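# Chains, contacts and geometry: an overview
This is what each chain is made of:
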Number of protein chains: 2
Amino acid sequence: MMAEWEQVQPQEIEARSFEIISKELGELDLEEKYALVLKRVIHATADFEYADNLVFSQNAVEHALEALQNGCCIVTDTQMAMAGINKKALKKLGIEIYNFISDEDVAKAAKRNQTTRAAACMDKAAAMQRPMILAVGNAPTALMRIYELVQQGKLLPELIVGVPVGFVNVIPSKEQILTLPVPYIVARGRKGGSNVAAAIVNALLYLIV
Amino acid sequence: MMAEWEQVQPQEIEARSFEIISKELGELDLEEKYALVLKRVIHATADFEYADNLVFSQNAVEHALEALQNGCCIVTDTQMAMAGINKKALKKLGIEIYNFISDEDVAKAAKRNQTTRAAACMDKAAAMQRPMILAVGNAPTALMRIYELVQQGKLLPELIVGVPVGFVNVIPSKEQILTLPVPYIVARGRKGGSNVAAAIVNALLYLIV
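Overview of the structure. Keep in mind the model is a prediction, meaning the values are calculated, not measured.

Definitions and cut-offs
- Residues numbered from 1 in each chain as written.
- Chains lettered and ligands numbered in written order.
- Predicted model: local features only at pLDDT ≥ 70, side-chain atom pairs only at ≥ 80, totals over all residues.
- Heavy atoms only, no water.
- Least-squares fit on C-alpha atoms with pLDDT ≥ 70 in both.
- Contact = heavy atoms within 4.5 Å.
- Buried area = accessible area lost by both parts, 1.4 Å probe.
- Salt bridge = Lys/Arg side-chain N within 4 Å of Asp/Glu carboxyl O.
- Polar contact = N/O pair within 3.5 Å; in protein donor to acceptor, adjacent residues only side chain to side chain.
- Helix = DSSP H or I, 4+ residues; strand = E, 2+ residues; numbered from the N terminus.
- Nonpolar A, V, L, I, M, F, W, Y, C, P; charged D, E, K, R; others polar.
- Axes fitted to C-alpha atoms, helices over the stretch in contact; angles between N-to-C directions.
- Left-handed = near helix turned anticlockwise from the far one by under 90°.

Glancing now at the relation of the copies chain A and chain B. When chain A is fitted to chain B, the residual RMSD is 0.0 Å, and the transformation amounts to a turn of 180° plus an axial shift of 0.0 Å. Here the two chains are linked by the operation of a two-fold rotation axis. Proximity to the rotation axis, assessed at the C-alpha, singles out M80(A) in chain A; its C-alpha lies 2.6 Å from the axis. Same-surface contact between copies: 100% of interface residues of chain A are shared with the interface of chain B.

Written out as structure tokens, the structure reads:
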């Protein structure tokens, strides 16, 4: 890795970054839209492992873009993922974004059901009965609950962004999502994060904004 | 990597995660407080490379803890890093947190000085003339500006959390910080992120909360 300074104007930094990422990735067996999602994740993490870990269900990106253009909303599992999603792009597209983690009723439901607040958030999302993209960057328990809700016919998301990070039940919670007949973008393995979830949603937004 | 489910109560997930991280890290040549910072970064990223990348100036953690206990504030370069820092812990300790990225005057200053908004945020932070911890998880330009401000005697942070992620000027911006006579925690190389910045600040808060 070089440690030299590059003379780049502020507005050119992102393009230059993507140039470097594309060069280091080399040939990809991915359609351009999908490659852009992957590259934005690498841009957010500087971690090329996502080239192996990030998996897409068939037509996941096309389906998500159509849903976004038809006014679906976005629900995240953390405030951090929500904070990382581009508000200007959301506004331009008229897309609503929700995060329920600090809601009083969610805290109560989690306690009552002996589950996590992140899982209770997904119940609250399902109760909205609206077309939505679910972006999970932190809590495998949220992803586990999404799986149950879909299996029970209580939730049919337009896209599941399943990229929680961690060490306890993270891997099986992701593998389970891959068995669902629902569009998904999942980072297999332990890695992921709120930044990765935000990067994926931003990549989708930038494809249509 | 196992893909089996673990039966763990919600409130035990974090402790179990740290147990796994400690086991996989093995013996560390770090004092316990420093090891906890590293482990929380790995907890947030599932990336053990930080065991090699994360560097601390001498007494950085002790100095930061003392500053926090004496009521220093925290300034982040992104909304996302701010969103990831534990608000309950901040409140309990009476610590204020700031992020200036969406401020009108910052946008104007960035345009006027042909710099990034993230860099202009650091000028605004310096102008506060208060003891502060600067947490930079995204913008190398913020870190570059911090270096200049310290060199010019306009800024003397209690701690620089220097963990921007990326491909353009990220590495040299971090290497430069290592030459300053100021407490720092830096993730060398390309990796880092708002999640890493938040994890480091949270680790410090949890050591005293």
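Let us look at the interface of chain A and chain B. Taken together, the contact pairs 46 residues of chain A with 46 residues of chain B. On the chain A side of the interface with chain B, the three residues burying the most area are W5(A), M80(A) and F167(A), jointly 22% of the side's total. Taken together, the connections running from chain A to chain B amount to four salt bridges. Of the charged contacts in the structure, one is a salt bridge between R190(A) and E24(B), with a shortest N-O distance of 2.6 Å. Along the contact surface separating chain A from chain B lie five residue pairs in polar contact (both at pLDDT 80 or more). Elements with a minimum of two residues in the side of chain A that touches chain B: helix 1 (13-25), helix 2 (32-45), helix 5 (79-84), helix 9 (140-151), helix 10 (170-177) and helix 11 (194-208) of chain A. Here the side of chain A that touches chain B gets six residues from one element, more than from any other, and that element is helix 1 of chain A. Classifying every residue of the side of chain A that touches chain B gives 22 nonpolar, 17 polar and seven charged.

Here we take up the packing of helix 8 (residues 117-127) of chain B against helix 9 (residues 140-151) of chain B. Residues and elements named next belong to chain B. At a closest axis distance of 7 Å, the pairing of helix 8 and helix 9 adopts a crossing angle of 35°. Read as a crossing pair, helix 8 and helix 9 show a hand that is right-handed. Note on element contacts: helix 9 touches helix 8 through T141, A142, R145, I146 and L149, opposite A118, A119, M122, D123 and A126. Taken together, the residues that form the contact of helix 8 with helix 9 break down as seven nonpolar, one polar and two charged.

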